[in-house]
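Descriptive analysis of the structure
Chain by chain, the residues:
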Amino acid sequence: MEGWDPSTKSTLTQIPLLSTKSGPRDGAAWTQRLKEEYKALIAYTSMNKSNDNDWFRISAANSDGTRWVGKCWYVHNLLKYEFDLQFDIPVTYPATAPEIELPQLDGKTQKMYRGGKICLTVHFKPLWAKNCPRFGIAHALCLGLAPWLAAEIPILVDSGMIKHKDDEASSTES
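Residues numbered from 1 in each chain as written. Predicted model: local features only at pLDDT ≥ 70, side-chain atom pairs only at ≥ 80, totals over all residues. Heavy atoms only, no water.

1. A look at helix 2 (residues 28-50)
Quick reminder of the rule: The helix count covers DSSP runs of H or I at least four residues long, the strand count covers runs of E at least two residues long, and both are numbered beginning at the N terminus. Under the convention used throughout, the expected extent of a helix is 1.5 Å for every residue step, that is, one less than its residue count. In this analysis, two residues are considered to be in contact whenever any of their non-hydrogen atoms come within 4.5 Å of each other.
The first and last C-alpha atoms of helix 2 sit 33 Å apart over 23 residues, in line with the 33 Å expected at 1.5 Å per residue. Each element contacted by the buried residues of helix 2 is listed here: helix 1 (6-14), strand 1 (56-60), strand 2 (67-76) and helix 4 (137-158). Positioned one or two residues after helix 2, aspartate 52 has a phi angle of 55°, which is positive.

2. Examining the sheet that holds strand 2
Filter applied, for reference: Here the rule is simple: two strands pair whenever DSSP picks up at least two bridges between them. Angles here are taken between N-to-C directions and fall from 0 to 180 degrees, while the axes themselves are lines fitted to C-alpha atoms, restricted in helices to the stretch in contact.
Reading across the sheet, the three strands line up as 1-2-3 and stay open at both edges, with antiparallel pairing between neighbours. Each end of this open sheet is capped by a strand with a single partner; those strands are strand 1 and strand 3 (79-88). Averaged over all neighbouring strand pairs, the angle between strand axes comes to 10°, with direction disregarded. The strands that helix 2 touches are strand 1 and strand 2; relative to strand 1, the one it contacts most, it runs at about 165°. Strand contacts of helix 4: strand 1, strand 2 and strand 3, with the helix running at about 45° to strand 2, the strand carrying the most contacts.

3. As for the side chain of threonine 66
Using the following cut-off: Polar contact is defined as a pair of N or O atoms within 3.5 Å, subject to the rule that within protein one atom must be able to donate a hydrogen and the other to accept it, and that residues adjacent in sequence are counted only when both atoms are side-chain atoms.
Within the secondary structure, threonine 66 sits in the loop between strand 1 and strand 2. A distance of 2.9 Å separates polar atoms of two side chains, one belonging to threonine 66 and the other to asparagine 62. Of the polar contacts made by the side chain of threonine 66, one reaches the side chain of aspartate 64; its length is 3.1 Å. What threonine 66 contacts, discounting residues up to four positions off in sequence, is Pro24, Phe87, Asp88 and Ile89.

4. Thoughts on the environment of histidine 76
Note on placement: histidine 76 falls in strand 2. Along the backbone, histidine 76 and proline 154 are 78 residues apart, and their C-alpha atoms lie at a distance of 6.4 Å. In this structure, histidine 76 is in contact with Tyr81, Pro154, Val157 and Asp158, ignoring residues within four places of it in sequence. Within the structure, histidine 76 has its side chain in polar contact with the side chain of aspartate 158 (distance 3.2 Å).

5. Here we look at the environment of cysteine 119
The line we're drawing: Using a 1.4 Å probe on the protein chains alone, a residue whose accessible area is under 20% of its type maximum counts as buried, one over 50% counts as exposed, and one in between counts as partly exposed.
Structurally, cysteine 119 is set in the loop between strand 5 (117-118) and helix 3 (124-130). Classification of cysteine 119 as partly exposed rests on a relative accessible area of 24%. In this structure, the C-alpha to C-alpha distance between cysteine 119 and lysine 35, residues 84 residues apart in sequence, is 28 Å.

6. A short note on the packing of aromatic side chains
Filter applied, for reference: To pair, rings of Phe, Tyr and Trp, with the six-membered ring standing in for Trp, must have centres within 6.5 Å; the planes then decide the type, stacked if under 30 degrees apart, edge-to-face if over 60, and tilted in the middle.
Applying the stated criterion across every chain, the model contains nine aromatic pairs. Geometrically, the ring pair formed by tryptophan 55 and phenylalanine 56 is edge-to-face, given 4.9 Å between the ring centres and 70° between the ring planes. There is no split in this pair, since tryptophan 55 and phenylalanine 56 are both buried. Taking the centre distance of 6.3 Å and the plane angle of 10° together, the rings of tryptophan 68 and phenylalanine 87 count as stacked. Here tryptophan 68, found in strand 2, pairs with phenylalanine 87, found in strand 3; they are 19 residues apart in sequence, far enough to count as distant. For tryptophan 68, a relative accessible area of 0% translates into the label buried. Three or more aromatic residues joined by ring pairs make a cluster, and in this case those are Trp30, Tyr93, Phe124, Trp128 and Phe135.

Rendered as C-alpha cells:
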C-alpha cells in the first residue's frame, strides 16, 4: 500500500479481508465465501454512507451468487451520472477477478473492452493476484471501479461522449 493516498489506505483497511479460498464450483465452501463477500460489501457500503460517499448499489442477481447487478454513479460538476453495473463471478474466482461491466458506456472509451467491460489489466489485476484470496467484490469496486470512474467519467463528459440525463431530456423536448 505504499504510494497510495491516505484516503484510499483508510478506506481499504476498513473493508474486511476474506479468508475462504473457494469459487462457484466449491459447494458449501462457496456459500461460506459468499457470506464473507456480503459482510465486506455491507461494511464498505456502510462506511461510504457514513462518509457521505455513497456511489453504488449492488446485489446478487441469482441464488448462487455468480451474477451481480446494480447501479453506480459519479458526480461531476455537481451533476450525478448513473450507470448500470453488472458482472459474473468467474469459475476460477477468487484467483481471477470479476470483469466489471458498464454496458451503457460500451464503445465510448478506449479503456473498455467489448460488452462494456472496464479495463483493469494494468493497475488492478496484479494487485488482485497479489492479494488473492483476501480480496473480494468490495475490494474490486473500491480499487477497480471507483478509480476507473474517477479517471474516465470527467473525460467522457467533457468530450461530450456522455450527457447528463437532464441535458438529454431537454434536447428531446426542443
